[in-house]
Amino acid sequence: MIASVSKTKEILAKYELQAKKKFGQNFLIDSNIVSKIVKTANINKETVVIEIGPGIGAMTELLAKEAKKVYCFEIDKDMVEI
């Protein structure tokens, strides 16, 4: 799962990236928090989700499993490849 300290560090190192203050970037590193967010939002197979700032995909990973479709919009061009 992407939402962990080790996996986040691994991905950021692989792509030689770090959080950019100008975008106010933070990375979700707790899979329990990601699960709670998705559960609280009542996401199901009929839900279409728009995710703003997916970053490295910690929440996107679970949304893709739970939702009908996920559209992601990222302004950091360095994150788009991930």
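Residues numbered from 1 in each chain as written. Predicted model: local features only at pLDDT ≥ 70, side-chain atom pairs only at ≥ 80, totals over all residues. Heavy atoms only, no water.

1. What about the overall build of the protein?
Then, in step 1: If you tally the helices and strands in the protein, you get four helices and two strands.
Then, in step 2: Counted from the first residue to the last, the protein has its helices and strands arranged as α-α-β-α-β-α.
Then, in step 3: Projected onto the principal axes, the alpha-carbon positions of the protein cover approximately 35 × 25 × 20 Å.
Then, in step 4: Every one of the 82 residues in the protein was classed for burial, and the buried ones make up 30%.
Then, in step 5: In the protein, the proportion of contacts linking residues at least 24 apart, taken out of those at least 6 apart, comes to 46%.
Then, in step 6: Carbon together with sulfur atoms contributes 54% to the accessible area of the protein, which is approximately 5800 Å² in total.
Then, in step 7: Across the protein, the centroid of the 13 positively charged side chains sits 2 Å from that of the 11 negatively charged ones. (Helix = DSSP H or I, 4+ residues; strand = E, 2+ residues; numbered from the N terminus. Buried < 20%, exposed > 50% of the residue type's maximum accessible area, 1.4 Å probe, protein only. Contact = heavy atoms within 4.5 Å. Areas by Shrake-Rupley, 256 points an atom, 1.4 Å probe, with all protein chains shown as cover. Lys, Arg positive; Asp, Glu negative; His and termini not counted. Charge placed at Lys NZ, Arg CZ, Asp CG, Glu CD.)

2. With respect to the side chain of Thr-8
Then, in step 1: Within the element layout of this structure, Thr-8 appears in helix α1 (residues 5-14).
Then, in step 2: Judged by relative accessible area, which is 4%, Thr-8 ranks as buried.
Then, in step 3: Within the structure, the side chain of Thr-8 is placed 3.3 Å from the backbone oxygen of Ile-2, a separation counted as a polar contact.
Then, in step 4: Apart from residues no more than four positions distant in its own chain, Thr-8 is found in contact with Ile-2, Phe-27, Leu-28, Ile-29 and Ile-56. (Polar contact = N/O pair within 3.5 Å; in protein donor to acceptor, adjacent residues only side chain to side chain.)

3. Some details on the pairing of strand β1 (residues 48-52)
Then, in step 1: On β1, burial follows the alternation: Val-49 and Glu-51 on one face are buried, whereas Val-48, Ile-50 and Ile-52 on the facing-out side are not.
Then, in step 2: Across five bridges, the pairing between β1 and strand β2 (residues 69-73) is parallel. Note that in β2 the partner of Val-49 across the bridge is Val-70.
Then, in step 3: Regarding the hand of the β-α-β motif, the stretch spanning β1, helix α3 (residues 58-66) and β2 is right-handed. (Pairing = 2+ DSSP bridges. Right-handed = clockwise from strand over helix to strand, strands pointing away.)

4. Here we look at the packing of helix α2 (residues 31-40) against α3
Two measures define how a pair of helices packs: the angle their axes make with one another and the distance between the axes.
Then, in step 1: Between α2 and α3, the least distance of the axes is 10 Å, while the angle of their chain directions is 45 degrees. As the angle between them shows, α2 and α3 are arranged oblique. Of the two possible hands of crossing, α2 and α3 adopt the one that is right-handed. When α2 is examined against α3, the residues Val-34, Ser-35, Ile-37 and Val-38 are found in contact with a partner set consisting of Ala-58, Met-59, Leu-62, Leu-63 and Glu-66. (Axes fitted to C-alpha atoms, helices over the stretch in contact; angles between N-to-C directions. Parallel < 35°, antiparallel > 145°, perpendicular 65-115°, else oblique. Left-handed = near helix turned anticlockwise from the far one by under 90°.)

5. Remarks on the nonpolar core
Then, in step 1: Ranked by internal contacts, the top residues of the largest apolar core, which has 16 residues, are Val-38, Ile-43, Ile-56 and Leu-63.
Then, in step 2: Among the secondary structure elements, those contributing two or more residues to this core are α1, α2 and α3.
Then, in step 3: Among the elements that take part in this core, α3 stands out by supplying four residues, more than any other.
Then, in step 4: In contact with Leu-63, other than residues within four places in its own chain, are Val-38, Ile-43, Val-49, Glu-51 and Val-70. (Core = buried A, V, L, I, M, F, W, Y, C linked by side-chain atoms within 4.5 Å.)

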